[in-house]
Amino acid sequence: MSDRLEGHTFRRFDGELDHLHAEILNMAELVFEQISKSLESFQPANQAIIRAIIERESQIDLLEKKIDNSITEVLAKRGPVARDLRAILGFSKVVTDLERLGDEATRIAHFSTKIHNSESGRSRENTDMLREIDLIGGHACATFQKAIETLKTLDLTGAKTLLSQAGLDEEFHASLRRLTSFILEDTLNMKYVINIILVLKSLERIDAHAHNLAEYVVYMVSGEDVRHTEEDQT
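Here the structure is a predicted model, which is why all the values come from computation and not from measurement.

Visitor: If you had to explain the pattern of salt bridges to someone new, which residues and values would you point to?
Guide: Applying the stated criterion across every chain yields a total of 11 salt bridges. Taking the shortest distance from any N to any O, the salt bridge between Lys66 and Glu23 comes out at 3.4 Å. One end of the pair, Lys66, is in helix H2 (residues 49-78); the other, Glu23, is in helix H1 (residues 16-40), with 43 residues separating them in the sequence. Judged by relative accessible area, which is 44%, Lys66 ranks as partly exposed. Of the charged contacts, one joins Arg131 and Asp128 as a salt bridge, the two residues approaching to 3.1 Å between their closest N and O atoms. With Arg131 and Asp128 both in helix H4 (residues 123-153) and three residues apart, this pair spans about one turn of that helix.

Right under this line is the structure:
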């Protein structure tokens, strides 16, 4: 783990920021596992893992509270300024996004149950439609994994590289067009397709949150606020 923010060591606070960093990485890995398992749950043989996903949501919530309390204690006891304060504010933002990522994992698991329960005899068509989740899910997980790596090493270059990569808007709309064709072929596919689209929207949000994590790394390391820069330029 990197222990420096722009040449300033975390150990000035007797390891408190270093400990926060470690706790956040632990939370990030747990959330990533939740998302990965939620995607695995679309295989009928893996439906049993949904219960475990839902039960572990409370573990993520507890981690969020624990880290928030630690952040509050550091702010109250140490009165950090400059880079130290920037690091703590960045960590606080990261925790919020990680909690929301965990919520998306649980939401996907719930939709997995709905989709599994609504399956009919059109098994081949169902498999074709579920392939869209595999496609978008693979992209979202890869982006989140890269974000975790930049957070782990506080890699400014890696974070900026991730932010230079487009989100899932184009892939989402391509999947939407393919799914629409299934409805045109048979209106009985409507409910099934709608649930899949809702899963894809969750995956699109996961990708967006992963980009947010990279923005926070840039802020913590360099002090640069790169949020909404694309919108500002249009």
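Visitor: Could you give an account of helix H6 (residues 169-185), naming the residues involved and the relevant values?
Guide: Quick reminder: α-helices carry 3.6 residues per turn. Residues three or four places apart thus point the same way. Given a rise of 1.5 Å per residue, 17 residues ought to cover 24 Å, and the 25 Å separating the end C-alpha atoms of H6 matches this to within 8%. By the burial criterion, the buried members of H6 are Phe172, Ala174, Ser175, Leu179, Phe182 and Ile183.

Visitor: I'd like to hear about the packing of aromatic side chains, residue by residue, with values.
Guide: Evaluation of the coordinates by the stated rule reveals one aromatic pair. Consider the rings of Phe32 and Phe144, whose centres lie 5.7 Å apart with planes at 50°: the pair is tilted. Of this pair, Phe32 sits in helix H1 while Phe144 is found in helix H4, placing the two residues 112 residues apart along the sequence. Its relative accessible area of 0% is what places Phe144 among the buried residues. Against the face of Phe172 rests Lys201, its NZ or CZ located 5.0 Å from the ring centre.

Visitor: Requested: an account of the nonpolar core, with residues and values cited.
Guide: In this structure, Leu98, Ile133, Phe144, Ile196 and Leu203 are the most contacted members of the largest nonpolar core, which totals 64 residues. Contributions of two or more residues to this core are made by H1, H2, helix H3 (82-117), H4, helix H5 (156-164), H6 and helix H7 (190-222). Aside from chain neighbours lying at most four places away, what touches Leu203 is Leu39, Ile108, Ile133, Ile136, Gly137, Ala140 and Leu168.

Visitor: Describe in detail the environment of Gly90, supporting the description with residues and values.
Guide: In this fold, Gly90 is placed in helix H3. C-alpha of Gly90 to C-alpha of Val217: the two residues are 127 residues apart in sequence and 7.4 Å apart in space. Setting aside anything within four residues of it in sequence, one finds Gly90 in contact with Tyr216, Tyr219 and Met220.

Visitor: Would you mind going over H7 in detail, with residue names and values included?
Guide: Look at H7: 48 Å from first C-alpha to last across 33 residues, which is about the 48 Å you get at 1.5 Å a residue. Gly223 sits one or two positions beyond H7 and adopts a positive phi of about 85°.

Visitor: So what's going on with unusual backbone geometry? Residues and values would help.
Guide: Despite not being glycine, Leu154 has its phi angle at roughly 50°, a positive value. By the secondary structure assignment, Leu154 is in the loop between H4 and H5.

Visitor: Lay out the packing of H5 against H7 with the relevant residues and their values.
Guide: A packed helix pair is summarised by two numbers, namely the angle formed by the two axes and the spacing between the axes. Two elements in contact, H5 and H7, have axes separated by 9 Å at closest approach and are oriented at 145°. Considering the relative orientation of H5 and H7, their crossing is left-handed. Residues Leu156, Ala159, Lys160, Leu162 and Leu163 of H5 lie in contact with H7, whose contacting residues are Ala210, His211, Ala214, Glu215, Val217, Val218, Val221 and Ser222. Of the residues in the contact of H5 with H7, the class split is nine nonpolar, two polar and two charged.

The rules behind these values
- Residues numbered from 1 in each chain as written.
- Predicted model: local features only at pLDDT ≥ 70, side-chain atom pairs only at ≥ 80, totals over all residues.
- Heavy atoms only, no water.
- Salt bridge = Lys/Arg side-chain N within 4 Å of Asp/Glu carboxyl O.
- Helix = DSSP H or I, 4+ residues; strand = E, 2+ residues; numbered from the N terminus.
- Buried < 20%, exposed > 50% of the residue type's maximum accessible area, 1.4 Å probe, protein only.
- Expected span 1.5 Å × (residues − 1).
- Phe/Tyr/Trp six-rings, centres within 6.5 Å; stacked < 30°, edge-to-face > 60°.
- Lys NZ or Arg CZ within 6 Å of the ring centre and 35° of its normal.
- Core = buried A, V, L, I, M, F, W, Y, C linked by side-chain atoms within 4.5 Å.
- Contact = heavy atoms within 4.5 Å.
- Axes fitted to C-alpha atoms, helices over the stretch in contact; angles between N-to-C directions.
- Left-handed = near helix turned anticlockwise from the far one by under 90°.
- Nonpolar A, V, L, I, M, F, W, Y, C, P; charged D, E, K, R; others polar.

That's the geometry; what it means functionally is another story.
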